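Fold and geometry: a report
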Amino acid sequence: AEGLYRFEASWESNQRSILDESLEAFVVMDGVQYPMEPVPVTHHRWEALIPLGQKRALQHYHFKFVYQANQFPQARPDSLRTDPFSLEIIEPNQP
């Protein structure tokens with residue numbers, strides 16, 4: 001069904017070199033990066049409302065996290081991405 005769909009992601013890492021304040025999250029779908037907003041009052045959680053049309057019932061996507069990592073002599077940009085996910089959109093039964 002056409003409309004806005006909520007995507008949520010969280011981040012956990014043992015890597016101490018990551019600068020927390022630099023962390024950004026994106027939903028990547030069909031080669032387009034949709035920025036995610038931090039969830040208030042939580043730590044390392046993001047959400048995004050993404051418009052999906054009726055172009056197809058199955059959407060493939062992944063999350064991408066972009067950050068700065070401490071490295072001598074200065075921080076360097078880095079990123080990680082999740083494995084792919086699939087979202088199947090099923091129309092409700094209509095009378």
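Conventions we followed
- Residues numbered from 1 in each chain as written.
- Predicted model: local features only at pLDDT ≥ 70, side-chain atom pairs only at ≥ 80, totals over all residues.
- Heavy atoms only, no water.
- Helix = DSSP H or I, 4+ residues; strand = E, 2+ residues; numbered from the N terminus.
- Contact = heavy atoms within 4.5 Å.
- Phe/Tyr/Trp six-rings, centres within 6.5 Å; stacked < 30°, edge-to-face > 60°.
- Buried < 20%, exposed > 50% of the residue type's maximum accessible area, 1.4 Å probe, protein only.
- Pairing = 2+ DSSP bridges.
- Core = buried A, V, L, I, M, F, W, Y, C linked by side-chain atoms within 4.5 Å.

With respect to the environment of P38
If you trace the backbone, P38 turns up in strand 4 (residues 37–38). Distance in space between the C-alpha atoms of P38 and Y61 is 19 Å, their sequence separation being 23 residues. Contacts of P38, omitting those with residues within four sequence positions, involve R45 and W46.

Comments concerning the packing of aromatic side chains
Within the structure shown, the criterion is met by seven aromatic pairs. On the basis of an interplanar angle of 55 degrees and a centroid distance of 5.0 Å, the ring pair of W11 and F65 is categorised as tilted. Residue W11 is located in the loop between strand 1 (3–10) and strand 2 (24–29), and its partner F65 is located in strand 6 (residues 58–69); the two are separated by 54 residues in the primary sequence. The buried category is assigned to W11, whose relative accessible area is 10%. The exposure class assigned to F65 is buried, which follows from its relative accessible area of 5%.

Concerning the sheet that holds strand 5 (residues 45–52)
Strands belonging to one sheet form pairs held by backbone hydrogen bonds; the direction of such a pair is parallel or antiparallel. Across the sheet, which stays open at both edges, the three strands sit in the order 1-5-4 with antiparallel pairing between neighbours. Since the sheet does not close on itself, it has two edges, and those belong to strand 1 and strand 4, each with one partner. Across two bridges, the pairing between strand 4 and strand 5 is antiparallel. Of the residues in strand 5, the one forming a bridge with P38 is W46.

Notes on unusual backbone geometry
In the Ramachandran plot, D30 falls in the positive-phi region, its phi being about 55 degrees despite a non-glycine side chain. The residue D30 is located in the loop between strand 2 and strand 3 (32–35) in this model. The partly exposed category is assigned to D30, whose relative accessible area is 43%. The phi dihedral of H44 is positive, around 60 degrees, even though this residue is not glycine.

Some thoughts on the nonpolar core
Counting 19 residues, the largest nonpolar core has F7, W11, V27, M36, W46, F63 and F65 as its most contacted members. The set of elements that each furnish at least two residues to this core consists of strand 1, strand 2, strand 5 and strand 6. Ignoring sequence-local partners within four residues, the contact set of W46 consists of F7, E8, A9, W11, L23, A25, M36, E37, P38, V39 and F65.

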